[in-house]
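Breakdown of the fold
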Amino acid sequence: MQSIFIKDHIHDSQPITSEDVGLYIHIPFCAQRCHFCAFYLVRENEQKIERFVADLKKEIVLWASQENVTFQKISTVYFGGGTPTVLSPDQLGDILNCVKSYWSVDAQAEVTVEATPESVSTKKITDLMQAGVSRLSMGVQTFDLQERERLGLHPGIFQVRNAVQSAYSAGLDNLSLDVMYGIPGQTVSSWEETLARVLDLRPRHLSCYALSLEEGTQFFRQWKRGNMRVFNSVEEQEFQGLANEYASKAGLIRYEISNWASPGFACRHNLRYWQGLDYLGLGPSAQSYVDAVRWGNVADLSSYSKQLAHGQLPREDMERLSVSQRHKERVVFGLRQMEGIPVEWLQNLEHDMSLKQIMARLQADDLISQAGDRLHLTTRGLQLADTVGLELW
Ligand code: SF4
């Protein structure tokens, strides 16, 4: 069993330890930026990618040489971005091997790679699986050509079908597809068409997210100029309701507000975020939360590289969460899951009476309810989840 320790701990020298960590690896490259996307990324470039892979391995080795943080086991690895599949299977395999040579990775670990449909083929997915990848998550967003154009996506709808076929031909069953509602100009009928077509591809997992306006994106600028209309909450509720109707009819089970899966195919890595479990982020802009300490990596490829060249972990904004913050976060994120939270967690909110009062009000307003020893969002609460989240925050 490998032990890893962080030397330059935040304000004190207490060791950080974790029995079970999820690893998030941010691959910050894309062919182009979609109009709604605010993730940290740069345009793909072969030399930059090669240098980045070398830097990422330096970051892993540097972590492994630290002296006061211990990780016992890694049970999920998630390559996100960006478009991780702009890296070759050899490069992704190289990173995975580096992880495995310094850390104890569970034999049954879930290893996810995010991909765009145009960046994969049967051969590539076969090679990825040989490298250890067990799950593929693909952004489809919409099957409507005009909506694809508005989002700044690659226009090819046939590539979505081909990519899914490639995954099945390669023998990969654990496939997740993402679609989006709230796209400018999207109608109920185009959304239903997207839902029908995406579910026709029989994914094991489906994510349906509402478009969110992020500062710095093309959409945000259009909205600021008054050239873009965003969905109101009634429209969002209607589109979310349709997503649930279609996904349920297709046999997928909702396990989180925006996520549905066949039994046994919920995303184990993403569940960690909602369950308040530890995760370590590698790569520029990646976020981490281990042993109640939270930090982010610098969101700049060149600073990331320079800090590693100087033997420093490229972290910033480290903070240790107080007991009260931790209790609050696990309530807020836990309620996103259909299984809800144990009622007893409310007892831990005694130090925070205002939050306890808010919870009582949410119950009175039929937004959360109790079933046995668990609290969960009601149907109304699911539709107004953002409002509930804001109330609690
Ligand atoms: S492909 Fe994904 S990460 Fe890349 S720009 Fe589009 S939304 Fe952002």
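So, how was this worked out
- Residues numbered from 1 in each chain as written.
- Predicted model: local features only at pLDDT ≥ 70, side-chain atom pairs only at ≥ 80, totals over all residues.
- Helix = DSSP H or I, 4+ residues; strand = E, 2+ residues; numbered from the N terminus.
- Rg over C-alpha atoms; globule rule 2.2 N^0.38 Å.
- Buried ≥ 20, exposed ≤ 12 C-beta atoms within 10 Å, placed from the backbone.
- Contact = placed C-beta atoms within 7 Å.
- Axes fitted to C-alpha atoms, helices over the stretch in contact; angles between N-to-C directions.
- Parallel < 35°, antiparallel > 145°, perpendicular 65-115°, else oblique.
- Nonpolar A, V, L, I, M, F, W, Y, C, P; charged D, E, K, R; others polar.
- Left-handed = near helix turned anticlockwise from the far one by under 90°.
- Pairing = 2+ DSSP bridges.
- Expected span 1.5 Å × (residues − 1).
- Near = placed C-beta within 6 Å.
- Core = buried A, V, L, I, M, F, W, Y, C linked by C-beta atoms within 7 Å.
- Domains from an automatic or database assignment.

1. Notes on the overall build of the protein
A tally of helices and strands in the protein yields 15 helices and 19 strands. For a compact globule of 393 residues, the expected C-alpha radius of gyration is about 21 Å, and the protein comes in at 21 Å, within 12% of that figure. If you line up the protein on its principal axes, its C-alpha atoms span 55 × 55 × 45 Å. Buried positions account for 38% of the 393 residues belonging to the protein. A sequence separation of at least 24 residues applies to 72% of the contacts in the protein between residues at least 6 apart.

2. What to know about the packing of helix α1 (residues 46-64) against helix α2 (residues 89-102)
Where α1 contacts α2, the axes come no closer than 10 Å and their chain directions differ by 10 degrees. Put simply, α1 runs roughly parallel to α2. In this structure, α1 uses V53, L56, K57, I60, V61 and A64 to contact α2, whose residues at the interface are Q91, D94, I95, C98, V99 and Y102. Looking at the contact of α1 with α2 residue by residue, the class counts come to 9 nonpolar, 1 polar and 2 charged.

3. Focus: the environment of T194
By the secondary structure assignment, T194 is in helix α6 (residues 188-200). Along the chain, T194 and W295 lie 101 residues apart, while their C-alpha atoms are 37 Å from each other. Setting aside residues no more than four positions away along its own chain, T194 makes contact with T142, F143, D144 and V179.

4. Considering the packing of α1 against helix α10 (residues 301-309)
For the pair α1 and α10, interaxial distance at closest approach is 10 Å and the crossing angle is 45 degrees. Considering their axes alone, α1 and α10 lie oblique with respect to each other. Considering only the axes of α1 and α10, their crossing is left-handed. Of the residues in α10, those in contact with R51, F52, D55, K58, E59 and L62 of α1 are L301, Y304, S305 and L308. A per-class count over the contact of α1 with α10 returns 5 nonpolar, 1 polar and 4 charged.

5. A closer look at the sheet that holds strand β17 (residues 341-342)
Taking strand neighbours across the sheet as the criterion, the 3 strands line up as β17-β19-β18 in an open arrangement whose pairing is antiparallel. Sheet topology places β17 and β18 (368-371) at the edges, where each strand pairs with a single neighbour.

6. Brief notes about the environment of S285
Turning to its location among the elements, S285 is positioned in the loop between β13 (279-282) and β14 (287-290). Separated by 244 residues in the primary sequence, S285 and L41 have C-alpha atoms spaced 9.1 Å apart. Among all residues touching S285, those that are not within four sequence positions of it are H26, P28, Y40, G296, N297 and A299.

7. What about α6?
Between its terminal C-alpha atoms α6 stretches 18 Å, which fits the 18 Å expected from 13 residues at 1.5 Å a residue. Structurally, α6 contributes buried residues whose contacts are with β8 (135-141), β9 (175-181), β10 (205-210) and α8 (233-249). With its phi angle positive at about 55 degrees, R202 sits one or two positions after the end of α6.

8. Some remarks on the site of the ligand
Near the ligand the following residues occur: C30, R33, C34, C37, F39, L41, G81, G82, T83, T116 and G139. Across the shell around the ligand, the residue classes tally to 5 nonpolar, 5 polar and 1 charged.

9. A few points about unusual backbone geometry
Omega for the peptide link from G81 to G82 comes to 15 degrees, which places this bond in the cis form. Mapped onto the secondary structure, G82 falls in the loop between β6 (74-81) and α2. Here the phi dihedral of D291 falls at roughly 50 degrees; this positive angle occurs in a residue that is not glycine. Since 18 C-beta atoms lie within 10 Å of it, D291 is described here as partly exposed.

10. Some points on the nonpolar core
Membership of the largest hydrophobic core comes to 77 residues, with the highest contact counts inside it found for L23, I25, I74, V77, L136 and A167. Apart from residues lying up to four places away in sequence, V77 is in contact with L23, I25, L96, V99, A109 and V111. Membership of the second largest hydrophobic core comes to 13 residues, among which are V331, L362, L382 and V388.

11. Considering the domain arrangement of the protein
For the protein, the assigned domains are domain 1 (16-275) and domain 2 (322-393). For domain 1 versus domain 2, the separation of C-alpha centres amounts to 28 Å. With 9 residues of domain 1 at the interface, the matching set in domain 2 holds 8 residues. Those elements that provide at least two residues to the side of domain 1 that touches domain 2 are α8, β11 (253-256) and α9 (268-275). By residue class, the composition of the side of domain 1 that touches domain 2 is 4 nonpolar, 3 polar and 2 charged.

12. Structural notes on the pairing of strand β16 (residues 315-320)
Taking burial as the measure, the 6 residues of β16 include 0 buried ones, a minor fraction of the element. Where strand β15 (residues 293-297) lies against β16, 4 bridges are found, and the strand directions are antiparallel. For R294, the partnering residue across the bridge sits in β16 and is E319.

13. Some words on the environment of M228
Among the secondary structure elements, M228 is positioned in the loop between α7 (218-224) and α8. The class of M228 is partly exposed, set by 17 C-beta atoms lying within 10 Å. In this structure, the C-alpha to C-alpha distance between M228 and P184, residues 44 residues apart in sequence, is 7.0 Å. Apart from residues no more than four positions distant in its own chain, M228 is found in contact with P184, F219, Q222 and W223.

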